[in-house]
Number of protein chains: 2
Amino acid sequence: MRGDTDNYRISISSLKSDMDSRGVGGGGGGGGLAAAAYTNPGLSDSSVSVQPHAEFQGSNDFILVEENQRRTTKDAIKSVVPWMKRKANKAFTKKMLYRRIPVLGWLPKYSSSDAVGDLVAGITVGLTVIPQSLAYSSVAGLPTEYGLYGSFLGCFVYILFGSCKDVPVGPTAIASLLTFQAVNGRGPEYAILLCFLSGVLELLMGLLGLGFIIDFVSGPVSSGFTSAVALIIVTSQVKDIFAIRVTGTTFVEQWISIFSNIHEISVWDTVLGICCIAILLIMRIVATIKIGPPEQSSDEEKPPLDDPKPTFFHKFVNKFLWLFGTSRNAILVVLGACIGYSFFVNGDPPFVLIGPIPPGLPEFKPPPFSVSNGNSTASFVDMVADLGSGIVVVALIALLENIAICKAFANGKAVDATQELIAIGLCNIANSFVQGYPGTGSLSRSAVNNASGVRTPLGSLYTGLLVIIALLFFTPYFFYVPKATLAGIIIAAVIFMVEVKVVKPMWRTKKSDLIPGLATFIACLVLPLEIGILIGIGLNLLFILYHAARPKISIERLTSRSGVDYLMLTPDRCLIFPSADYVRNLVTKHSIRQAAPAVIDCSHIYGADYTAATVIETLTKDFAARDQTLVFYNLKPSVSSVFEGLSPKEFVVCYNEDDLDSLLKARDVFKPKTILST
Amino acid sequence: MRGDTDNYRISISSLKSDMDSRGVGGGGGGGGLAAAAYTNPGLSDSSVSVQPHAEFQGSNDFILVEENQRRTTKDAIKSVVPWMKRKANKAFTKKMLYRRIPVLGWLPKYSSSDAVGDLVAGITVGLTVIPQSLAYSSVAGLPTEYGLYGSFLGCFVYILFGSCKDVPVGPTAIASLLTFQAVNGRGPEYAILLCFLSGVLELLMGLLGLGFIIDFVSGPVSSGFTSAVALIIVTSQVKDIFAIRVTGTTFVEQWISIFSNIHEISVWDTVLGICCIAILLIMRIVATIKIGPPEQSSDEEKPPLDDPKPTFFHKFVNKFLWLFGTSRNAILVVLGACIGYSFFVNGDPPFVLIGPIPPGLPEFKPPPFSVSNGNSTASFVDMVADLGSGIVVVALIALLENIAICKAFANGKAVDATQELIAIGLCNIANSFVQGYPGTGSLSRSAVNNASGVRTPLGSLYTGLLVIIALLFFTPYFFYVPKATLAGIIIAAVIFMVEVKVVKPMWRTKKSDLIPGLATFIACLVLPLEIGILIGIGLNLLFILYHAARPKISIERLTSRSGVDYLMLTPDRCLIFPSADYVRNLVTKHSIRQAAPAVIDCSHIYGADYTAATVIETLTKDFAARDQTLVFYNLKPSVSSVFEGLSPKEFVVCYNEDDLDSLLKARDVFKPKTILST
């Protein structure tokens, strides 16, 4: 009996060649035409298989062709040398050079209108970066001047290597907090070494093409992390607003300490700090006020003629309001310095001032590879051990932050994560030679840069120059800036990083995404940041693994054209080790219960592995032992070849309804002899 | 212009309801009939969506219906109470009782032929388990009697709770080695506590339904692990074969030690050990010898009449050879004991003997929850801390081993991992009360059991009784068994666990699966076993994550029926956070280059998340900004509703070729205004 069915065992190899000629080879003249129209040399550098298809129907059979799957080992070994040659050639093309040093691309085309845009934007950003740098260095737990030290050389380096015009490199809230956690009060030398090492790590990751790592940080995890960071930074600034002592390192400990020391509160500092925050928030709104009729955006082609156009006055006021609002940090620092000075000359000011800042540029020297503290000397190894995982975390989070910015301003263009890693890495290495601490692109300053009409990365030149001018001439005046003002600047900036607004869309799109988001948020608040974000990422990856392990299988009782009842089982994703047994159990269970020929629709199975092949072998053997028909319908040749590696018995594959129908009809003549009961 | 296209923006909600009535609601009368034929109450306990379909075509539209995706939150909250009720009801049904205590199912149907089969099988297994238990206790680093202590009570417990008739519970090579690594020479009390704790953990995992964890151990990883374990066990026995001192704990250290001490080799022990191995291997072959014509297997219906039938003599000799070969371990132990005794009575034997074994059954008492060693006392917490991750590893690997056995003898039936966890957990808890160390089902003994014709788990009763008899009456004779004999038994058993034979099929199915397999093998040899297997599993999971992150996208240039050229992009799997940006970049890049309307074929996209939704929103926005058409073709309603959560602009979905054609034709009238160049 089993022998008879052999006649209906369809040879997979003949079917495959059939498919090759029918589906993949293109459907007639149109296919050739399409293929000719598609000889785009640039396409070869992506992992996409391009295939000619003239008719729409063709794509339903096999959309995916994995040619390399079907090559023999000998071919594979033979092709290694040309492959390496191609790789080497690709690495040294002009195109690659332009990609790795983007300045070569835009500088020759630099126009005077570009220059104006970049100048205005660079100066506007400079007015933001100076007060922010002063403020963020306190988040990083470093003396105030280190913020400025990290804000100019990196800008210049980014002009050469940066691929995104809107990114001004410098200290950011997140990088500062991570620096604080990694340095842990050990002194600025550690922060500078951290800057150097994380820069080297970023550069290495860029050269090795590891930028894809950040793909594994999902939106919810990223939002949860950013929100937690914002709250932690706000907490760290409360002590300067209230001018009280705060002990403890975690979020919870710090708030307990704040509440227990609340009686020591200094009224003057508190009033000043809260006023600063209020002023900043109001000025933030001022920047968005527009008077007069709305300006027509330039991409609308036919503005209705009866709409009034904004007058010159309207435009001037709008521009002024925007500039006034945007330079709010600089204005507030100047105001604060004036108030501080006026109190200082009349005696002891009632609030804490920044105090003396060493004037002039930092010394240009290599980062400290060892540090002697009194009688003990920490070697390079000791320092690296002390910084520990902080180096990796700073590098990765800096990349994450930077790519997020690039994406926000990419306007639909692809972001080159590799190039950004290289650029940010070189910026940080450079910064470590002028005693800067780790920095990256800042979202708030990028937004200012973009809104100011920046045209090329050259805008950073003016920003960097402004910082140098500040270091050379303005440090004596920073003495008088009250600490509460800086704390206010930080709080008013980071408060908008708490992404409450993403909760609603997340709820509306995919509720389960709130779990990793909230978990990251809470874990980052109660645990060290790197552990927190790892928990979030890990939890999120568990979702993927669960998806891989538990495919959905739809089960339908169908009747073929010639009237044979059969069971159609359709798994919706690939068959790999975590899911293979699950699928087998379901198929076995239902096919035994229904006692009908089983057809597994493999249209959605895009991959399989050895474990799945063993399971399929067992499955076909079990079906054969029960004399129950099992047909694999529309199994991709690449997957089929994986299954065939174990030469399973009774492995029947078919590719279209007619074949299936005749197969089921032929087999239906023999009634199942024994169907096991469960 | 953008306003005009609004007319062609297809409302997704109307389409969805259209689909509901067309695709999901079933195609006419036949659909209803199929649905009626399919009201199988047992189906409700699996996560499979069953839907009626009369026509084959119907399944091409939407194979997967995720109804719960479309319910409102209110509905979800309302349905919690009935859901819990259902769960509670399900947990206390008669069916569940029979599932959890399988003896209730088979004992009432127990027949006399079952009894004969079980008796023969039980005694045959007993003759294997006694010598193996004696031997494996030396692998576990425990006195010889502990192997026997762990070989009887567990057997009795498994009769009640075990779901697989072929599993005889007792010490195994792998569990012994893991016990050795976890106990680390601290004494038998630790091994007994380990047995209790891993049993409790297994029971808990069973009650919580965590049996699915072993799905994440793939075939290659499992093979690599088993092979490494076999080599490590062989290494551990070499010292008894050569009768030399061996220091070091890792595989490499031990071999270095063996080679440096090779001059201390004892000729008598070595000769005896090697002879034992040779005899065992020959007897193993003897067991498979068949004389006379082949027996007809019972499932062949019509044996050709001209074939000679085996005579009674043939059958008897075959049976005898098989029994002789199968009880080779017992025969060898008896032989060894005789040789040892004959030397012993004539003075000092030239080889090492097992030595005295305390006679009688072990005391029935709770496992030791604290242990005092001279003047220091280790509390329960200290002991647990000492055992550490060993508890988890023993529990998981025991489950892995046991499920592998159940699957090997399941004959196409599904294996109930939950029930096996509960059974093995209870067995180990019971064993810990009679001073047994962790055990599980042993593959070699299961094979003997199966080949001896076991019918129900009751066979274990006779095995357990035989072990009790051995403990009561034979312990004085075990004194004379040479250690080299036991070492020979172990080596001859585990040498077949080195799975060289899987390399070839792995190479032929999926070459990349060799990587996790080899990595596990090497890591297990050079690192502690638990670290080794974790590395293998981790590496294997990285493959899954890579698959999730880098879908294959096929790109075709097609022409619609009305002659509109368009680009068809088909991602082959779900759109979630690691892949969303990658897909977006590819889509953007190719659609900009080709400057044609882009159609994303979403037939294979079975899931999406918030991150993907944000990316799709950006993508539609970018296409709208370029006035380039972007159509989502055949997007599953459940995925579509995820994307719609962010209310993306210009989000066009269509479900059949006619719609697509008219959509493309209508849009084609307006030539793209600007196509950005890369």
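Residues numbered from 1 in each chain as written. Chains lettered and ligands numbered in written order. Predicted model: local features only at pLDDT ≥ 70, side-chain atom pairs only at ≥ 80, totals over all residues.

On to the overall build of chain A. Counting secondary structure elements, chain A contains 30 helices and 10 strands. Considering only contacts within chain A whose residues lie at least 6 apart along the sequence, 80% involve residues at least 24 apart. (Helix = DSSP H or I, 4+ residues; strand = E, 2+ residues; numbered from the N terminus. Contact = placed C-beta atoms within 7 Å.)

Quick look at the domain arrangement of chain A now. What the domain assignment reports for chain A is domain 1 (106-266 + 352-542) and domain 2 (551-668). Here domain 1 of chain A and domain 2 of chain A have C-alpha centroids that lie 54 Å from each other. (Domains from an automatic or database assignment.)

Another aspect to go through is the environment of Ile-130 of chain B. Residue and element names in this part refer to chain B. Take Ile-130: it is sitting in helix H8 (residues 112-139). Ile-130 sits in the buried class, given 25 other C-beta atoms within 10 Å. Each C-alpha atom, one on Ile-130 and one on Ser-151, is 8.1 Å from the other, the two residues being 21 residues apart in sequence. When near neighbours in sequence (up to four residues on either side) are disregarded, Ile-130 contacts Leu-148, Ala-330, Leu-466, Val-467 and Ala-470. (Buried ≥ 20, exposed ≤ 12 C-beta atoms within 10 Å, placed from the backbone.)

Further remarks concern the environment of Ser-112 of chain B. Note on placement: Ser-112 of chain B falls in helix H8. Along the sequence, Ser-112 of chain B and Ala-395 of chain B sit 283 residues apart, while their C-alpha atoms lie 36 Å from each other.

In this numbering, the UniProt entry assigns the feature "domain: STAS" (unreviewed entry) to residues 564-646 of chain A. A distance of 30 Å separates the end C-alpha atoms of residues 564-646 of chain A, which is 51% helix and 18% strand. (UniProt positions renumbered as here; feature names shortened; annotations may be inferred.)

Time to look at the pairing of strand E7 (residues 565-571) of chain B. All names here are of chain B. Burial within E7 is extensive, with six of its seven residues counted as buried. Pairing geometry for strand E6 (residues 553-559) and E7, over seven bridges, is antiparallel. Residue Ile-553 lies in a different strand from E7, and its bridge partner there is Pro-571. Between E6 and E7, which pair antiparallel in sequence order, lie five residues; one of them, Gly-563, sits at a positive phi of approximately 90°. Pairing of E7 with strand E8 (residues 598-601), which is carried by three bridges, proceeds in the parallel orientation. Bridge pairing links Leu-569 to Ile-600 in E8. Between E7 and its parallel partner E8, the chain crosses via helix H27 (residues 577-594), and the hand of that crossover is right-handed. (Pairing = 2+ DSSP bridges. Right-handed = clockwise from strand over helix to strand, strands pointing away.)

With that settled, the discussion passes to the environment of Glu-650 of chain B. Of note, Glu-650 of chain B is situated in the loop between helix H29 (637-644) and strand E10 (652-654). Since 19 C-beta atoms lie within 10 Å of it, Glu-650 of chain B is described here as partly exposed.

Another point: unusual backbone geometry. All names here are of chain A. In the Ramachandran plot, Ala-243 falls in the positive-phi region, its phi being about 55° despite a non-glycine side chain. Position of Ala-243 among the secondary structure elements: in the loop between helix H13 (219-242) and helix H14 (251-260). Of note in this structure, Ala-595 is not a glycine but carries a positive phi near 50°.

Attention shifts here to helix H12 (residues 188-207) of chain A. For H12 of chain A, with 20 residues, the first-to-last C-alpha span of 29 Å sits near the 28 Å given by 1.5 Å per residue. At the exit of H12 of chain A stands Gly-209 of chain A, carrying a positive phi of roughly 70°. (Expected span 1.5 Å × (residues − 1).)

Residues and elements named next belong to chain B. At their nearest, the axes of helix H10 (residues 153-161) and helix H20 (residues 417-432) sit 8 Å apart, and the two run at 150° to each other. In terms of their interaxial angle, H10 and H20 are classed as roughly antiparallel. As H10 packs across H20, the resulting crossing turns out to be right-handed. Along the contact surface, H10 presents Leu-153, Gly-154, Val-157, Tyr-158 and Phe-161, while H20 presents Ile-422, Ala-423, Leu-426, Cys-427, Asn-428, Ala-430 and Asn-431. Here the residues of the contact of H10 with H20 are counted per class, giving nine nonpolar, three polar and no charged. (Axes fitted to C-alpha atoms, helices over the stretch in contact; angles between N-to-C directions. Parallel < 35°, antiparallel > 145°, perpendicular 65-115°, else oblique. Left-handed = near helix turned anticlockwise from the far one by under 90°. Nonpolar A, V, L, I, M, F, W, Y, C, P; charged D, E, K, R; others polar.)

Moving on to the confidence of the model for chain A. Residue and element names in this part refer to chain A. Residues with a pLDDT of 70 or more make up 84% of chain A, whose mean pLDDT is 80. Note that residues 1-70 has pLDDT below 50 and, in this model, 96 contacts with residues that lie over four places away or in other chains. Taken as a whole, residues 670-678 scores under 50 in pLDDT and shows 15 contacts with residues more than four places along the chain or in a different chain. Interface predicted TM-score (ipTM) for the complex: 0.76; the corresponding pTM is 0.76. (pLDDT = per-residue confidence, 0-100.)

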